[in-house]
Amino acid sequence: MSTAAQSHASLVEFGQQHVTKGLGRVVDAVITKGEGSYVTLGDGRKLLDFTTGIGVTNLGHCHPKISKAAADQCMNLVHGQCSIAFHGPYLELIQKLLPMMPHPSLDSFFFWNSGSEAVEAAIKMARTLTGRQNIISMQGAYHGRTFGAMAVTKSKTIYSQGFHPLMPGVYTLPFPYWHQLGMPADTPPSKLSEMCLNQLSLLLSQASAPRDTAAIIVETVLGEGGYVPAPPEFLKGLRDVCDKHGILLIIDEVQCGYGRTGKNYAIEYSGVRPDILLTAKGLANGFPLSGVISRKELTDKLTPGSMGGTYAGNAVSCAAAAAAADVMKEENILENVNARSKELFAALNALRTNPKLAPAILDVRGQGLMVAVEFASPVGTGPYDAFRNPNVPEKLASRVAKKCVEKGLLILTTSVYEVIRFIPALNISQADLAKGCAIFAEAVEEVVREG
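Residues numbered from 1 in each chain as written. Predicted model: local features only at pLDDT ≥ 70, side-chain atom pairs only at ≥ 80, totals over all residues. Heavy atoms only, no water.

### Regarding the overall build of the chain
- A count of helices and strands for the chain gives 14 helices and 17 strands.
- Taken over the C-alpha trace, the chain has a radius of gyration of 22 Å; the compact-globule value for 451 residues is 22 Å, and the two agree within 12%.
- The C-alpha extent of the chain, read off along each of the three principal axes, is 60 × 55 × 45 Å.
- Every one of the 451 residues in the chain was classed for burial, and the buried ones make up 56%.
- Of the contacts formed within the chain by residues at least 6 apart in sequence, a portion of 71% connects residues at least 24 apart.
- A total accessible area of about 19,500 Å² is found for the chain, and carbon and sulfur atoms account for 54% of it. (Helix = DSSP H or I, 4+ residues; strand = E, 2+ residues; numbered from the N terminus. Rg over C-alpha atoms; globule rule 2.2 N^0.38 Å. Buried < 20%, exposed > 50% of the residue type's maximum accessible area, 1.4 Å probe, protein only. Contact = heavy atoms within 4.5 Å. Areas by Shrake-Rupley, 256 points an atom, 1.4 Å probe, with all protein chains shown as cover.)

### Quick word on the sheet that holds strand β15 (residues 409–410)
- Pairing within the open sheet is mixed, and its 4 strands lie in the order β1-β2-β3-β15. Only two strands of the sheet have a single partner each, and these edge strands are β1 (31–35) and β15.
- As paired strands, strand β2 (residues 38–41) and strand β3 (residues 46–49) are joined by 3 bridges and run antiparallel to one another. Bridging from a neighbouring strand, T40 pairs with K46 of β3. (Pairing = 2+ DSSP bridges.)

### Comments concerning the environment of S116
- Relative to the helices and strands, S116 is located in helix α5 (residues 115–130).
- In this structure, the C-alpha to C-alpha distance between S116 and N264, residues 148 residues apart in sequence, is 21 Å.
- Each residue touching S116, except ones within four places of it in the same chain, is listed here: H143, G144, R145, T146 and A149.

### A short note on the nonpolar core
- L238, F375, F422 and F440 are the most contacted members of the largest nonpolar core, which totals 137 residues.
- Top contributing element to this core by residue count: helix α11 (residues 315–330), with 9 residues.
- For F422, the contacting residues outside a window of four places in its chain are F50, Y227, L344, L348, L369, M370, V371, V373, I411 and F440.
- In terms of nonpolar packing, the next biggest core, distinct from the first, is built from 6 residues, A29, L41, L47 and V405 among them. (Core = buried A, V, L, I, M, F, W, Y, C linked by side-chain atoms within 4.5 Å.)

### Let's talk about the environment of K65
- Topologically, K65 is positioned in helix α3 (residues 64–74).
- Taking C-alpha positions, K65 is 16 Å from A315, a pair spaced 250 residues apart along the chain.
- There is a polar contact of 3.0 Å between the side chain of K65 and the side chain of E330. (Polar contact = N/O pair within 3.5 Å; in protein donor to acceptor, adjacent residues only side chain to side chain.)

### Digging into the side chain of D385
- Tracing the chain through its elements places D385 in the loop between β14 (370–375) and α13 (396–406).
- One buried charge, D385, has no salt-bridge partner; the nearest side chain with opposite charge is R388, at 6.0 Å.
- Among the polar contacts made by the side chain of D385, one reaches the main-chain amide nitrogen of F387 at a distance of 2.9 Å.
- In contact with D385, other than residues within four places in its own chain, are H179, G380 and Y417. (Lys, Arg positive; Asp, Glu negative; His and termini not counted. Salt bridge = Lys/Arg side-chain N within 4 Å of Asp/Glu carboxyl O.)

### Some points on the sheet that holds strand β17 (residues 418–422)
- Across the sheet, 4 strands lie side by side as β13-β14-β17-β16; this open sheet has antiparallel pairing. Looking along the sheet, the strands with just one partner apiece sit at the ends: β13 (361–367) and β16 (412–414). Each strand of the sheet is rotated relative to its neighbour by a mean of 30°, with strand direction disregarded.
- Sitting on the sheet, α13 is in contact with β14, β16 and β17, with an inclination near 40° to β17. (Axes fitted to C-alpha atoms, helices over the stretch in contact; angles between N-to-C directions.)

### Let's talk about the state of the cysteines
- All told, the structure shown has 0 disulfides when counted by the stated rule.
- As a non-bridged cysteine, C82 has C318 as the owner of its nearest cysteine sulfur, 9.5 Å distant.
- The exposure class assigned to C82 is partly exposed, which follows from its relative accessible area of 25%.
- A disulfide-free cysteine, C437 has its sulfur positioned 10 Å from the sulfur of C404, the nearest such atom. (Disulfide = S-S within 2.5 Å.)

### What to know about the layout of surface pockets
- The computed volume of the second largest pocket comes to approximately 640 Å³.
- Lining the second largest pocket are 21 residues, with F86, Y90, F109, F110 and M307 positioned closest to its centre.
- Mapped by element, the contributors of at least two residues to the lining of the second largest pocket are α4 (88–97) and β4 (108–112).
- Considering only residue class, the lining of the second largest pocket consists of 13 nonpolar, 8 polar and no charged. (1 Å grid on protein atoms, 1.4 Å probe; cavity = no way out; pocket = protein on both sides within 12 Å on 5 of 7 lines; lining within 4 Å. Points joined across faces, edges and corners; volume = space filled by probe spheres on them. Nonpolar A, V, L, I, M, F, W, Y, C, P; charged D, E, K, R; others polar.)

### Examining the pairing of β4
- Within β4, 5 of the 5 residues are buried, which leaves it mostly tucked inside the rest of the structure.
- By the alternation rule, side chains of β4 split into S108, F110 and W112 and F109 and F111, which are all buried.
- Note: β4 against strand β12 (residues 290–294), 5 bridges, orientation antiparallel. Bridging across to β12, F110 finds its partner in V292.

### Structural notes on the pattern of salt bridges
- Inspection of every chain in the model, using the stated rule, returns 24 salt bridges.
- The residue D326 makes a salt bridge to K96 at a minimum N-O spacing of 2.9 Å. Linking D326 in helix α11 with K96 in helix α4, this pair joins segments that are 230 residues apart in sequence.
- By relative accessible area, K96 is classed as partly exposed at 24%.
- A salt bridge links E224 to R421, with the nearest nitrogen and oxygen atoms 3.3 Å apart. Taken together, the residues E224 in the loop between β8 (221–222) and β9 (228–229) and R421 in strand β17 connect sequence positions 197 residues apart. Taken individually, E224 and R421 each receive the classification buried, so the pair is uniform in this respect.

What follows is the structure, encoded as C-alpha coordinates:
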(Lines give C-alpha, C1' and ligand atoms only; values in the text may rest on other atoms or scores of the structure.)
Protein backbone atom coordinates (compact mmCIF):
# COMPACT_ATOMS: atom_id res chain seq x y z
CA MET A 1 0.00 0.00 0.00
CA SER A 2 1.34 3.46 -0.86
CA THR A 3 1.91 5.88 1.99
CA ALA A 4 -0.56 8.30 0.35
CA ALA A 5 -3.38 5.88 1.09
CA GLN A 6 -2.53 5.44 4.75
CA SER A 7 -3.69 7.65 7.60
CA HIS A 8 -1.24 10.08 9.14
CA ALA A 9 -1.56 8.41 12.54
CA SER A 10 -0.80 4.97 11.11
CA LEU A 11 2.26 6.31 9.26
CA VAL A 12 3.59 7.91 12.45
CA GLU A 13 3.03 4.65 14.31
CA PHE A 14 4.81 2.73 11.53
CA GLY A 15 7.75 5.14 11.70
CA GLN A 16 7.98 4.84 15.46
CA GLN A 17 8.09 1.06 15.08
CA HIS A 18 10.60 0.74 12.23
CA VAL A 19 12.83 3.84 12.12
CA THR A 20 15.91 3.44 14.31
CA LYS A 21 15.64 4.80 17.82
CA GLY A 22 19.05 6.40 17.25
CA LEU A 23 17.26 9.26 15.48
CA GLY A 24 15.55 11.98 17.50
CA ARG A 25 12.63 14.11 16.29
CA VAL A 26 11.19 17.50 17.18
CA VAL A 27 7.63 16.43 16.29
CA ASP A 28 6.17 12.98 15.76
CA ALA A 29 4.59 13.80 12.44
CA VAL A 30 5.06 13.28 8.71
CA ILE A 31 6.07 16.30 6.62
CA THR A 32 4.08 16.08 3.41
CA LYS A 33 4.96 19.37 1.71
CA GLY A 34 7.40 22.23 1.92
CA GLU A 35 6.91 25.55 0.18
CA GLY A 36 8.94 28.68 0.83
CA SER A 37 9.08 29.30 4.58
CA TYR A 38 6.34 26.80 5.42
CA VAL A 39 5.97 23.05 5.89
CA THR A 40 2.71 21.10 5.93
CA LEU A 41 2.27 18.03 8.13
CA GLY A 42 0.16 14.98 7.42
CA ASP A 43 -2.34 15.96 10.10
CA GLY A 44 -3.09 19.19 8.21
CA ARG A 45 -1.00 21.59 10.28
CA LYS A 46 0.93 24.24 8.37
CA LEU A 47 3.96 25.53 10.26
CA LEU A 48 6.19 28.52 9.71
CA ASP A 49 9.62 26.92 9.50
CA PHE A 50 12.46 28.60 11.41
CA THR A 51 14.61 25.45 11.17
CA THR A 52 15.08 25.14 7.38
CA GLY A 53 16.01 21.51 7.92
CA ILE A 54 18.80 22.71 10.26
CA GLY A 55 20.09 25.41 7.95
CA VAL A 56 19.68 23.52 4.66
CA THR A 57 16.70 24.86 2.69
CA ASN A 58 18.16 28.35 2.97
CA LEU A 59 16.37 29.63 -0.13
CA GLY A 60 13.03 28.21 0.98
CA HIS A 61 11.51 24.80 0.50
CA CYS A 62 11.22 23.70 -3.13
CA HIS A 63 12.51 26.91 -4.68
CA PRO A 64 11.12 26.69 -8.24
CA LYS A 65 14.35 27.52 -10.06
CA ILE A 66 16.45 25.12 -7.99
CA SER A 67 13.93 22.28 -8.09
CA LYS A 68 13.54 22.68 -11.87
CA ALA A 69 17.31 22.58 -12.37
CA ALA A 70 17.45 19.31 -10.44
CA ALA A 71 14.48 17.84 -12.30
CA ASP A 72 15.95 18.78 -15.68
CA GLN A 73 19.29 17.24 -14.70
CA CYS A 74 17.51 14.00 -13.77
CA MET A 75 16.50 13.62 -17.41
CA ASN A 76 20.06 14.17 -18.64
CA LEU A 77 22.59 12.61 -16.23
CA VAL A 78 21.85 11.47 -12.68
CA HIS A 79 25.16 9.89 -11.69
CA GLY A 80 28.45 10.84 -13.32
CA GLN A 81 30.95 9.26 -10.94
CA CYS A 82 33.75 11.69 -10.07
CA SER A 83 36.54 9.11 -10.32
CA ILE A 84 35.51 8.14 -13.86
CA ALA A 85 35.23 11.54 -15.57
CA PHE A 86 34.27 15.19 -15.12
CA HIS A 87 30.61 16.10 -15.51
CA GLY A 88 29.13 19.45 -16.51
CA PRO A 89 27.25 20.47 -13.32
CA TYR A 90 30.37 19.83 -11.18
CA LEU A 91 32.46 22.19 -13.31
CA GLU A 92 29.65 24.74 -13.69
CA LEU A 93 29.28 24.88 -9.91
CA ILE A 94 32.99 25.59 -9.47
CA GLN A 95 32.72 28.42 -12.01
CA LYS A 96 29.88 29.96 -10.00
CA LEU A 97 31.53 29.50 -6.61
CA LEU A 98 34.96 30.91 -7.48
CA PRO A 99 33.79 34.56 -7.37
CA MET A 100 32.06 33.90 -4.03
CA MET A 101 35.17 32.66 -2.25
CA PRO A 102 36.32 34.70 0.78
CA HIS A 103 39.92 34.64 -0.47
CA PRO A 104 41.31 34.34 -4.02
CA SER A 105 43.70 31.56 -2.96
CA LEU A 106 40.73 29.19 -2.58
CA ASP A 107 40.71 27.72 -6.07
CA SER A 108 40.65 23.93 -5.70
CA PHE A 109 37.36 22.09 -5.09
CA PHE A 110 36.24 18.62 -4.03
CA PHE A 111 32.52 17.97 -3.62
CA TRP A 112 31.19 15.30 -1.29
CA ASN A 113 27.74 14.58 0.19
CA SER A 114 27.60 15.92 3.75
CA GLY A 115 29.27 18.23 6.21
CA SER A 116 30.64 15.30 8.21
CA GLU A 117 32.30 13.88 5.10
CA ALA A 118 33.80 17.28 4.32
CA VAL A 119 35.34 17.32 7.81
CA GLU A 120 36.71 13.81 7.28
CA ALA A 121 38.33 14.93 4.02
CA ALA A 122 39.83 18.01 5.67
CA ILE A 123 41.37 15.91 8.46
CA LYS A 124 42.85 13.50 5.91
CA MET A 125 44.23 16.39 3.88
CA ALA A 126 45.74 18.11 6.91
CA ARG A 127 47.49 14.98 8.10
CA THR A 128 48.95 13.99 4.74
CA LEU A 129 49.92 17.53 3.68
CA THR A 130 51.73 18.33 6.93
CA GLY A 131 53.00 14.87 7.83
CA ARG A 132 51.60 15.47 11.33
CA GLN A 133 48.78 13.81 13.24
CA ASN A 134 47.24 16.06 15.87
CA ILE A 135 44.11 18.17 15.36
CA ILE A 136 42.99 21.00 17.67
CA SER A 137 39.24 21.61 17.86
CA MET A 138 37.10 23.94 19.95
CA GLN A 139 35.16 23.40 23.15
CA GLY A 140 31.52 23.44 22.09
CA ALA A 141 32.30 22.59 18.46
CA TYR A 142 30.09 20.44 16.26
CA HIS A 143 31.60 18.86 13.13
CA GLY A 144 29.53 15.72 12.59
CA ARG A 145 28.80 12.15 13.63
CA THR A 146 31.12 10.09 11.42
CA PHE A 147 34.22 8.77 13.15
CA GLY A 148 36.79 11.52 12.59
CA ALA A 149 34.20 14.28 12.72
CA MET A 150 32.79 12.84 15.93
CA ALA A 151 36.24 12.96 17.51
CA VAL A 152 36.58 16.70 16.89
CA THR A 153 32.98 17.38 18.00
CA LYS A 154 32.83 18.81 21.53
CA SER A 155 29.32 20.27 21.82
CA LYS A 156 27.52 17.37 23.54
CA THR A 157 28.61 13.95 24.73
CA ILE A 158 25.47 12.37 23.21
CA TYR A 159 27.26 12.25 19.86
CA SER A 160 30.15 10.09 21.10
CA GLN A 161 29.05 8.35 24.28
CA GLY A 162 29.43 4.60 23.97
CA PHE A 163 31.55 4.87 20.80
CA HIS A 164 35.00 5.18 22.39
CA PRO A 165 37.89 4.90 21.76
CA LEU A 166 37.61 7.80 19.35
CA MET A 167 40.14 8.86 16.75
CA PRO A 168 43.35 9.72 18.62
CA GLY A 169 45.37 12.90 18.33
CA VAL A 170 42.56 15.38 19.08
CA TYR A 171 43.03 18.27 21.54
CA THR A 172 40.43 20.75 22.76
CA LEU A 173 40.87 24.52 22.94
CA PRO A 174 38.50 26.84 24.84
CA PHE A 175 36.34 28.90 22.49
CA PRO A 176 35.69 32.60 23.28
CA TYR A 177 32.17 32.05 24.60
CA TRP A 178 31.51 33.88 27.86
CA HIS A 179 29.38 31.16 29.48
CA GLN A 180 31.89 28.36 28.88
CA LEU A 181 34.64 30.59 30.27
CA GLY A 182 32.61 31.62 33.32
CA MET A 183 32.75 35.29 32.35
CA PRO A 184 29.90 37.85 32.27
CA ALA A 185 27.90 38.05 29.04
CA ASP A 186 29.10 41.62 28.43
CA THR A 187 32.80 40.69 28.57
CA PRO A 188 34.52 42.33 25.57
CA PRO A 189 35.19 39.79 22.77
CA SER A 190 38.82 40.93 22.73
CA LYS A 191 39.21 39.83 26.36
CA LEU A 192 37.62 36.44 25.68
CA SER A 193 39.88 36.02 22.66
CA GLU A 194 43.00 36.81 24.68
CA MET A 195 42.05 34.19 27.27
CA CYS A 196 41.58 31.51 24.62
CA LEU A 197 44.69 32.39 22.62
CA ASN A 198 46.69 32.18 25.84
CA GLN A 199 45.28 28.70 26.33
CA LEU A 200 46.37 27.86 22.78
CA SER A 201 49.93 28.84 23.66
CA LEU A 202 49.75 26.58 26.69
CA LEU A 203 48.25 23.73 24.68
CA LEU A 204 51.10 23.90 22.17
CA SER A 205 53.58 23.94 25.06
CA GLN A 206 51.97 21.32 27.26
CA ALA A 207 49.95 18.89 25.13
CA SER A 208 50.57 18.99 21.38
CA ALA A 209 53.86 20.41 20.13
CA PRO A 210 53.60 22.50 16.95
CA ARG A 211 55.71 19.93 15.03
CA ASP A 212 53.03 17.33 15.86
CA THR A 213 50.01 19.55 15.11
CA ALA A 214 48.49 19.25 11.65
CA ALA A 215 45.51 21.59 11.89
CA ILE A 216 43.23 23.78 13.93
CA ILE A 217 39.56 23.37 13.01
CA VAL A 218 37.06 26.05 13.98
CA GLU A 219 33.50 27.06 13.13
CA THR A 220 33.36 30.77 12.29
CA VAL A 221 30.10 30.81 14.23
CA LEU A 222 29.83 28.06 16.83
CA GLY A 223 26.78 26.08 15.70
CA GLU A 224 25.49 23.27 17.87
CA GLY A 225 27.53 24.80 20.69
CA GLY A 226 25.17 27.78 20.95
CA TYR A 227 25.38 30.10 17.91
CA VAL A 228 28.36 32.09 19.14
CA PRO A 229 30.30 34.14 16.55
CA ALA A 230 34.08 33.81 16.79
CA PRO A 231 35.53 37.29 17.39
CA PRO A 232 37.77 38.56 14.56
CA GLU A 233 40.61 38.93 17.07
CA PHE A 234 40.41 35.23 17.86
CA LEU A 235 40.38 34.13 14.23
CA LYS A 236 43.29 36.43 13.41
CA GLY A 237 45.18 35.02 16.38
CA LEU A 238 44.60 31.47 15.12
CA ARG A 239 45.83 32.48 11.67
CA ASP A 240 49.01 33.98 13.16
CA VAL A 241 49.74 30.83 15.15
CA CYS A 242 49.11 28.61 12.12
CA ASP A 243 51.40 30.73 9.94
CA LYS A 244 54.14 30.68 12.55
CA HIS A 245 54.14 26.91 12.97
CA GLY A 246 53.05 25.58 9.56
CA ILE A 247 49.69 24.42 10.92
CA LEU A 248 46.69 24.36 8.57
CA LEU A 249 43.62 26.41 9.51
CA ILE A 250 40.39 24.59 8.67
CA ILE A 251 37.36 26.89 8.64
CA ASP A 252 34.11 24.94 9.04
CA GLU A 253 31.23 26.93 7.55
CA VAL A 254 28.91 23.98 7.02
CA GLN A 255 26.13 25.77 8.95
CA CYS A 256 27.21 29.41 9.05
CA GLY A 257 28.35 29.70 5.43
CA TYR A 258 26.72 30.46 2.10
CA GLY A 259 24.87 33.65 2.98
CA ARG A 260 23.61 32.65 6.41
CA THR A 261 25.44 35.46 8.27
CA GLY A 262 24.90 38.20 5.69
CA LYS A 263 28.07 37.54 3.68
CA ASN A 264 28.83 34.67 1.34
CA TYR A 265 31.03 33.22 4.09
CA ALA A 266 31.22 34.41 7.69
CA ILE A 267 35.02 34.35 7.66
CA GLU A 268 34.83 37.50 5.50
CA TYR A 269 34.01 39.55 8.60
CA SER A 270 37.50 38.88 9.94
CA GLY A 271 39.46 38.96 6.68
CA VAL A 272 41.21 35.74 7.72
CA ARG A 273 42.41 33.37 5.00
CA PRO A 274 41.43 29.72 5.42
CA ASP A 275 43.76 26.96 4.32
CA ILE A 276 40.73 24.71 3.92
CA LEU A 277 37.13 25.98 3.78
CA LEU A 278 34.23 23.59 4.40
CA THR A 279 30.75 24.28 3.07
CA ALA A 280 27.55 22.20 2.90
CA LYS A 281 23.93 22.42 4.14
CA GLY A 282 22.52 25.37 2.14
CA LEU A 283 24.91 24.81 -0.76
CA ALA A 284 22.33 22.86 -2.80
CA ASN A 285 19.19 23.94 -0.89
CA GLY A 286 18.23 20.45 0.25
CA PHE A 287 20.10 18.19 -2.14
CA PRO A 288 23.04 16.37 -0.46
CA LEU A 289 26.26 18.20 -1.26
CA SER A 290 29.32 19.50 0.56
CA GLY A 291 32.47 21.24 -0.56
CA VAL A 292 36.10 20.94 0.57
CA ILE A 293 37.87 23.99 -0.84
CA SER A 294 41.56 24.73 -0.62
CA ARG A 295 44.36 26.11 -2.76
CA LYS A 296 45.85 24.28 -5.69
CA GLU A 297 49.40 24.41 -4.35
CA LEU A 298 48.20 22.21 -1.48
CA THR A 299 45.80 19.89 -3.28
CA ASP A 300 48.33 19.21 -6.06
CA LYS A 301 50.29 17.29 -3.41
CA LEU A 302 47.42 14.82 -2.86
CA THR A 303 47.71 11.35 -4.35
CA PRO A 304 45.03 10.62 -7.00
CA GLY A 305 42.50 8.26 -5.45
CA SER A 306 43.08 9.47 -1.88
CA MET A 307 39.88 11.51 -2.22
CA GLY A 308 36.63 10.26 -3.72
CA GLY A 309 33.34 8.60 -2.95
CA THR A 310 30.62 6.80 -4.88
CA TYR A 311 28.17 9.70 -4.84
CA ALA A 312 30.68 12.52 -4.34
CA GLY A 313 29.67 15.59 -6.31
CA ASN A 314 26.44 14.02 -7.60
CA ALA A 315 25.30 15.60 -10.87
CA VAL A 316 21.75 16.36 -9.66
CA SER A 317 23.01 17.96 -6.45
CA CYS A 318 25.59 20.01 -8.37
CA ALA A 319 22.94 21.22 -10.83
CA ALA A 320 20.74 22.29 -7.91
CA ALA A 321 23.70 24.06 -6.28
CA ALA A 322 24.57 25.90 -9.50
CA ALA A 323 20.98 27.15 -9.66
CA ALA A 324 21.15 28.13 -5.96
CA ALA A 325 24.22 30.25 -6.70
CA ASP A 326 22.25 32.05 -9.40
CA VAL A 327 19.35 32.65 -7.01
CA MET A 328 21.70 34.11 -4.40
CA LYS A 329 22.68 36.80 -6.88
CA GLU A 330 19.44 37.31 -8.82
CA GLU A 331 17.24 37.65 -5.74
CA ASN A 332 19.67 39.84 -3.75
CA ILE A 333 19.70 37.31 -0.91
CA LEU A 334 22.46 38.95 1.11
CA GLU A 335 20.58 42.25 1.16
CA ASN A 336 17.49 40.47 2.48
CA VAL A 337 19.51 38.65 5.14
CA ASN A 338 20.96 41.88 6.48
CA ALA A 339 17.60 43.70 6.44
CA ARG A 340 15.75 40.85 8.17
CA SER A 341 18.63 40.40 10.64
CA LYS A 342 18.16 43.93 11.98
CA GLU A 343 14.45 43.26 12.47
CA LEU A 344 15.10 39.92 14.19
CA PHE A 345 17.64 41.39 16.62
CA ALA A 346 15.32 44.31 17.36
CA ALA A 347 12.46 41.95 18.21
CA LEU A 348 14.59 39.70 20.42
CA ASN A 349 16.33 42.55 22.21
CA ALA A 350 12.91 44.02 22.97
CA LEU A 351 12.16 40.84 24.91
CA ARG A 352 15.49 41.07 26.67
CA THR A 353 14.73 44.59 27.90
CA ASN A 354 11.20 43.69 29.03
CA PRO A 355 11.35 43.90 32.87
CA LYS A 356 9.09 40.86 33.23
CA LEU A 357 11.28 38.72 30.99
CA ALA A 358 14.77 40.18 31.43
CA PRO A 359 15.87 37.90 34.33
CA ALA A 360 15.09 34.87 32.18
CA ILE A 361 17.16 35.96 29.16
CA LEU A 362 20.94 35.90 29.47
CA ASP A 363 21.97 36.72 25.91
CA VAL A 364 20.86 37.54 22.37
CA ARG A 365 23.61 36.89 19.83
CA GLY A 366 24.55 35.78 16.34
CA GLN A 367 25.16 37.14 12.87
CA GLY A 368 22.79 37.66 9.97
CA LEU A 369 20.00 35.10 10.19
CA MET A 370 21.94 32.76 12.46
CA VAL A 371 20.73 34.03 15.81
CA ALA A 372 20.26 32.64 19.31
CA VAL A 373 18.52 33.49 22.55
CA GLU A 374 20.10 32.01 25.66
CA PHE A 375 17.82 31.63 28.66
CA ALA A 376 18.79 31.43 32.31
CA SER A 377 18.39 28.18 34.22
CA PRO A 378 17.90 27.34 37.89
CA VAL A 379 20.29 24.38 37.61
CA GLY A 380 22.63 25.33 34.75
CA THR A 381 25.16 22.69 33.79
CA GLY A 382 25.86 21.86 37.43
CA PRO A 383 26.62 23.33 40.85
CA TYR A 384 29.60 25.34 39.59
CA ASP A 385 27.76 27.12 36.78
CA ALA A 386 28.11 30.76 37.85
CA PHE A 387 25.00 31.83 35.94
CA ARG A 388 22.42 29.64 37.65
CA ASN A 389 19.32 31.57 38.66
CA PRO A 390 16.96 29.83 41.11
CA ASN A 391 14.23 32.36 40.35
CA VAL A 392 13.61 31.37 36.71
CA PRO A 393 11.64 28.37 35.40
CA GLU A 394 13.35 25.11 34.49
CA LYS A 395 13.94 23.96 30.90
CA LEU A 396 12.95 27.27 29.36
CA ALA A 397 14.36 26.56 25.90
CA SER A 398 12.65 23.23 25.30
CA ARG A 399 9.37 24.46 26.79
CA VAL A 400 9.38 27.60 24.66
CA ALA A 401 10.21 25.59 21.53
CA LYS A 402 7.36 23.16 22.23
CA LYS A 403 4.91 26.00 22.77
CA CYS A 404 6.07 27.62 19.51
CA VAL A 405 5.20 24.42 17.65
CA GLU A 406 1.76 24.43 19.25
CA LYS A 407 1.31 27.98 17.97
CA GLY A 408 2.48 27.20 14.43
CA LEU A 409 6.24 27.90 14.50
CA LEU A 410 8.84 25.19 14.02
CA ILE A 411 12.01 26.15 15.91
CA LEU A 412 15.01 24.35 17.47
CA THR A 413 17.00 24.34 20.68
CA THR A 414 20.77 23.85 20.72
CA SER A 415 23.81 23.35 23.00
CA VAL A 416 24.11 22.12 26.60
CA TYR A 417 22.73 25.48 27.72
CA GLU A 418 19.17 26.78 27.47
CA VAL A 419 19.43 28.11 23.91
CA ILE A 420 16.93 28.52 21.08
CA ARG A 421 18.31 29.11 17.59
CA PHE A 422 16.74 31.02 14.73
CA ILE A 423 17.61 29.75 11.23
CA PRO A 424 14.82 30.98 8.94
CA ALA A 425 15.08 30.97 5.16
CA LEU A 426 17.47 33.63 3.88
CA ASN A 427 14.73 34.95 1.59
CA ILE A 428 12.07 35.06 4.32
CA SER A 429 9.64 37.94 3.93
CA GLN A 430 9.37 40.79 6.40
CA ALA A 431 5.83 39.68 7.24
CA ASP A 432 6.77 36.05 7.94
CA LEU A 433 9.73 37.07 10.08
CA ALA A 434 7.49 39.38 12.11
CA LYS A 435 4.93 36.59 12.44
CA GLY A 436 7.56 34.18 13.77
CA CYS A 437 8.93 36.74 16.21
CA ALA A 438 5.43 37.43 17.53
CA ILE A 439 4.80 33.71 18.11
CA PHE A 440 8.15 33.37 19.88
CA ALA A 441 7.49 36.38 22.12
CA GLU A 442 4.06 35.04 23.05
CA ALA A 443 5.55 31.62 23.86
CA VAL A 444 8.28 33.12 26.05
CA GLU A 445 5.80 35.26 27.95
CA GLU A 446 3.50 32.30 28.58
CA VAL A 447 6.26 29.94 29.75
CA VAL A 448 7.77 32.55 32.09
CA ARG A 449 4.33 33.29 33.47
CA GLU A 450 3.65 29.58 34.03
CA GLY A 451 6.88 29.32 36.02
